[in-house]
Amino acid sequence: WPVRCFVFVSRNTWEHFGFRVPPSRGLVVYDGIDGAPAALDADDAASVRRELGIAPDVPLIGMIARVAPQKDYPTLVRAAARLLADYPGARFLVVGDNSSDANREHYASVRTMLGEYGVSDAFVFTGQRRDVPRILGALDVFVLSTHQEGLPLVILEAMSHGKPIVATEVDGIPEMVTHEETGLLFPHGDDQQLAVQILGLLRDRAKAERLGSAGRHLVRTRFSAERFATSMNEVYSRLLDA
């Protein structure tokens, strides 16, 4: 092979690669991010909620992802309808591009679905934003409902802010979210379980804080920018030695 070493973002990506890569020619290097200052959340949460017209005491569930077919918004909408029946005061914040040519049509279909389920008033769409750390600070629960992912950095960002995670159990996500330890997982397309997981976190703040703290610790110890840099240095050293 002309390629000496294949570097994958997750073990799942390696396992599902187009052809077999033996251990001698492949390795996983997880992405890393800088941790968020703890003070950032408290400083900005109130201002974000004021800007978006969301009261300080309203439970806020957020998903940061473009409104595109790859992301499983239909499951989120159905879960919201279930949750709002028991928790009518909750609101859902969606941050991500919904106006580009690639996403505009899908966004329209999601808005139609919201109307069909009678939950349009519970959703706030911001479009693309450049202040994701501020947005994260305002959330009570972070959700990623999706069809497929490699290793989504947005989960690491939410973890670094100490937010409890609820994510679809697909692809590389279970390599960063361990169910009931660093977050919560739900089966692909299972809106009932998604609703149950979110509702459980809203009702049990101690559990939400425990999972959020565990996620933050995970980022600092396993998915930090320093850890990523060290891993990449090891890759280059391995190739140069060879």
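Basis of the calculations
Residues numbered from 1 in each chain as written. Predicted model: local features only at pLDDT ≥ 70, side-chain atom pairs only at ≥ 80, totals over all residues. Heavy atoms only, no water. Helix = DSSP H or I, 4+ residues; strand = E, 2+ residues; numbered from the N terminus. Polar contact = N/O pair within 3.5 Å; in protein donor to acceptor, adjacent residues only side chain to side chain. Contact = heavy atoms within 4.5 Å. Salt bridge = Lys/Arg side-chain N within 4 Å of Asp/Glu carboxyl O. Buried < 20%, exposed > 50% of the residue type's maximum accessible area, 1.4 Å probe, protein only. Phe/Tyr/Trp six-rings, centres within 6.5 Å; stacked < 30°, edge-to-face > 60°. Pairing = 2+ DSSP bridges. Right-handed = clockwise from strand over helix to strand, strands pointing away. Patch = residues over 30% accessible without salt bridge, like charges linked within 9 Å, V, L, I, M, F, W, Y side chains within 5 Å. Areas by Shrake-Rupley, 256 points an atom, 1.4 Å probe, with all protein chains shown as cover.

The next subject is the side chain of E149. With respect to the secondary-structure elements, E149 resides in the loop between strand 6 (141-144) and helix 6 (153-160). Side-chain polar atoms of E149 contact the side chain of K71, separated by 2.6 Å. At 2.8 Å, the side chain of E149 forms a polar contact with the side chain of T146. In contact with E149, other than residues within four places in its own chain, are Q70, K71, L144, D171, G172 and I173.

On to the pattern of salt bridges. Tallied over the entire structure, the rule returns ten salt bridges. Two residues, D131 and R129, come together in a salt bridge whose shortest N-O distance is 2.7 Å. A salt bridge links R134 to D131, with the nearest nitrogen and oxygen atoms 2.6 Å apart. Classification of D131 by relative accessible area gives buried; the value is 16%.

Buried residues dominate helix 6, accounting for six of its eight residues. The set of residues buried in helix 6 consists of V154, I155, L156, A158, M159 and S160. Where helix 6 is buried, its residues contact strand 3 (60-64), helix 5 (132-137), strand 6, strand 7 (165-168) and helix 8 (205-222). Where helix 6 terminates, the next one or two residues include G162, which has phi positive at roughly 75°.

Take the packing of aromatic side chains next. Scanning the entire structure with this criterion turns up ten aromatic pairs. Pairing F92 with F123 gives two aromatic rings, centres 5.0 Å apart and planes at 10°, and the pair type is stacked. One end of the pair, F92, is in strand 4 (residues 91-95); the other, F123, is in strand 5 (residues 123-127), and 31 residues separate them in sequence. Classification of F123 by relative accessible area gives buried; the value is 7%. Judged by centre distance (6.1 Å) and plane angle (20°), the ring pair of F123 and F125 falls under stacked. Each member of the pair, F123 as well as F125, is classed as buried. In textbook terms, an aromatic cluster arises when at least three aromatic residues are bridged by ring pairs, as seen for F6, F8, W14, F17 and F19.

Mapped onto the elements, A80 comes out in helix 3 (residues 73-86). Relative accessible area serves as the criterion here: at 0%, A80 is assigned to the buried category. A sequence separation of 112 residues divides A80 from Q192, and the C-alpha atoms of the two residues are 9.5 Å apart. When neighbours within four sequence positions are excluded, A80 is seen to be in contact with F92 and F123.

Let's shift gears to the environment of S224. Note that S224 resides in the loop between helix 8 and helix 9 (225-241). Residue S224 is classed as buried on the basis of its relative accessible area of 10%. The spacing of S224 and D34 is 190 residues in sequence and 5.9 Å in space, taken between C-alpha atoms. Discounting residues that sit within four places of it in the chain, S224 has contacts with G32, I33 and V219.

What follows concerns the side chain of N12. Mapped onto the secondary structure, N12 falls in helix 1 (residues 11-15). Filtering out sequence-adjacent residues up to four positions away, N12 remains in contact with D171, G172 and E175.

Let us look at the pairing of strand 5. On strand 5, burial follows the alternation: F123, F125 and G127 on one face are buried, whereas V124 and T126 on the facing-out side are not. Inspection of the sheet shows strand 4 paired to strand 5 by four bridges, in the parallel sense. Pairing of V95 across the sheet is with G127, part of strand 5. Once you follow strand 4 into helix 4 (residues 104-117) and on to strand 5, the crossover reads as right-handed.

Before going further, it helps to examine a nonpolar patch on the surface. Together, Y236, L239 and L240 make up a nonpolar patch on the protein surface, roughly 340 Å² of accessible area in all. Inspection of the secondary structure assignment puts L240 in helix 9. Given a relative accessible area of 73%, L240 falls into the exposed group.

Geometry only, nothing functional implied.
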